[in-house]
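For reference, the chains in residue letters:
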Amino acid sequence: MHTFTAVFLAALLLTTATRLWLGIRHIRHIRAHRDNVPQEFAVQINLPAHQKAADYSSAKTRLHMAHAVIDALLLLALTLGGVLQQLSDWWAERLGDGLAFGMALIISVALIVSAVEIPMNLYRTFVIEARFGFNQMTPILFVVDLLKQALLATVFGVPLLFCVLWLMAKMGQNWWFYVWLAWVAFNVLVLAIYPTYIAPLFNKFSPMENPELKTRVERLLTKCGFKSQGLFVMDGSKRSNHGNAYFTGFGTAKRIVFFDTLLSRLEPAEIEAVLAHELGHYKLYHVIKRMLLIFAVSLAFLWLLSVLMNEPWFYQGLGVTTLSTSMALLLFFMITPVFTFLLQPLLSAYSRMHEYEADQYAVQYSSASDLMQALVKLYKDNASTLTPDPLHSAFYDSHPPAALRIARLQGATRN
């Protein structure tokens, strides 16, 4: 066996086993606390709601575990199973070894991966989400969304892919830097046009009409020094009963969006507190910090790819005999998650730190008790478990566990 093959298999086994072990831990921990509502939530959340959240979280975790196994099997089939090499040979016979070959190879793999994802998305939407009363998606809307996503991938993804492969072929040894510049420009472009041109393809955005709430929100925006294109209500109930709020875009394209489901469940003061938290992310530059981190990591990864793509062992160890820039690009980004999974708690911790900071910002401009009330309502309405396994949470949760988050806010009310 090739040395790198053994390294790859060991890393894949470790990552998959860890994902399954974390899932088992999470389900066991939730079940152990299923019949007792944590004391700090007992007033607002009753036992049936707590048990619903436990069952919902367990069902999602089981699907995630199945996803881990399917991901591993698909990766093995594509690499050591020879599917990538067969696709490479098939396209090479018809298109030679130019840009058309590279694009055809990568697009065909993307289609295979997407085809595998569709059944899992169907199960998640029409079985799990429907079972727990969250799904509002119809089969027709599901198909329409798929077609729109495919259209967007064609309009934006295909030109980006052509640009990347062209730069890799024409820019010499420093191609990785030029590709990185193109990648950064692409992300900034998407961020700029998303609110106005992309999001409306999937949802309807209407100006906020509630005068009392609008006045309250505008007062908060003035207090925080935040200017946007406007306040919008999104028809989130078109697909799901989950509630949320967010702001998107940058510069003059900034806009604040509330799910209609959120507005129907929270009091005006609670909505104001949730918005103050979201504004905290903006005012504390969390979005920019995350983007800069992603850009820095992507630059390092592209440089690493530029080194590996010239090493025959990189291809041979993954079951490929044909060396090409498109094949190197595919292999690298397919196996990177296998080798970086154990670093995930670092990214989760970084994200949770930002959530705590945004909470602290929110209590400066709104009521901590209102934010706590809003969060508890959202935990209940979204069936978020109050008792996650700590280790599972450290890997996967971008937000702090409910108990820790509420405890910090209670501390803020006493200070």
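This structure is a prediction, so every number in the text was calculated from the model and none was measured.

The rules behind the values
Residues numbered from 1 in each chain as written. Predicted model: local features only at pLDDT ≥ 70, side-chain atom pairs only at ≥ 80, totals over all residues. Heavy atoms only, no water. Axes fitted to C-alpha atoms, helices over the stretch in contact; angles between N-to-C directions. Helix = DSSP H or I, 4+ residues; strand = E, 2+ residues; numbered from the N terminus. Parallel < 35°, antiparallel > 145°, perpendicular 65-115°, else oblique. Contact = heavy atoms within 4.5 Å. Nonpolar A, V, L, I, M, F, W, Y, C, P; charged D, E, K, R; others polar. Buried < 20%, exposed > 50% of the residue type's maximum accessible area, 1.4 Å probe, protein only. Polar contact = N/O pair within 3.5 Å; in protein donor to acceptor, adjacent residues only side chain to side chain. Patch = residues over 30% accessible without salt bridge, like charges linked within 9 Å, V, L, I, M, F, W, Y side chains within 5 Å. Areas by Shrake-Rupley, 256 points an atom, 1.4 Å probe, with all protein chains shown as cover. Salt bridge = Lys/Arg side-chain N within 4 Å of Asp/Glu carboxyl O. Lys, Arg positive; Asp, Glu negative; His and termini not counted. Left-handed = near helix turned anticlockwise from the far one by under 90°.

Engineer: Explain the packing of helix H9 (residues 268-283) against helix H14 (residues 368-381) to me, please; I cannot follow it from the model alone.
Structural biologist: The description of two helices packed together rests on the angle between their axes and the distance between the axes. Interhelical geometry of H9 versus H14 gives an angle of 90 degrees and a closest axis separation of 8 Å. By the criterion of interaxial angle, the relationship of H9 to H14 is roughly perpendicular. Of H14, the residues touching H9 (which contributes Ala 269, Glu 270, Ala 273 and Val 274) are Asp 370, Leu 371, Gln 373, Ala 374 and Lys 377. Looking at the contact of H9 with H14 residue by residue, the class counts come to five nonpolar, one polar and three charged.

Engineer: Mind showing me how you'd approach the side chain of Thr 261 here?
Structural biologist: For Thr 261, the location among the structural elements is in helix H8 (residues 260-265). Thr 261 has contacts with Ser 237, Ser 240, Asn 241, His 242 and Gly 243, leaving out every residue within four places of it along the chain.

Engineer: I keep staring at the environment of Arg 216 and nothing clicks. Help me out?
Structural biologist: Summarising the element assignment, Arg 216 is placed in helix H7 (residues 211-224). Residue Arg 216 is classed as partly exposed on the basis of its relative accessible area of 24%. The contact partners of Arg 216, leaving out residues within four places of it in the chain, are Pro 268, Ala 269 and Glu 272. Within the local environment of Arg 216, its side chain forms a polar contact with the side chain of Glu 272, the two groups lying 2.8 Å apart.

Engineer: Whenever I open this one, a nonpolar patch on the surface confuses me. Can you help?
Structural biologist: Residues Phe 177, Tyr 178 and Leu 181 make up a contiguous nonpolar surface patch of roughly 260 Å² in combined accessible area. With respect to the helices, strands and loops of the structure, Leu 181 is situated in helix H6 (residues 175-198).

Engineer: What is the right way to look at the side chain of Glu 278 in this model?
Structural biologist: Mapped onto the elements, Glu 278 comes out in helix H9. The buried charged residue Glu 278 lacks any salt bridge partner; its closest oppositely charged side chain belongs to Arg 405, at an N-O distance of 6.7 Å.

Engineer: Help me understand the packing of helix H3 (residues 83-95) against helix H4 (residues 99-131), please; the structure alone is not making it clear to me.
Structural biologist: Two elements in contact, H3 and H4, have axes separated by 9 Å at closest approach and are oriented at 140 degrees. Here H4 runs oblique to H3, going by the angle between their axes. H4 is crossed by H3, and the crossing has right-handed handedness. Listed contacts from H4 to Leu 84, Leu 87, Ser 88, Trp 91, Ala 92 and Leu 95 of H3 are Ala 100, Phe 101, Ala 104, Leu 105, Ser 108, Val 109 and Ile 112. Residue composition of the contact of H3 with H4, grouped by class: eleven nonpolar, two polar and no charged.

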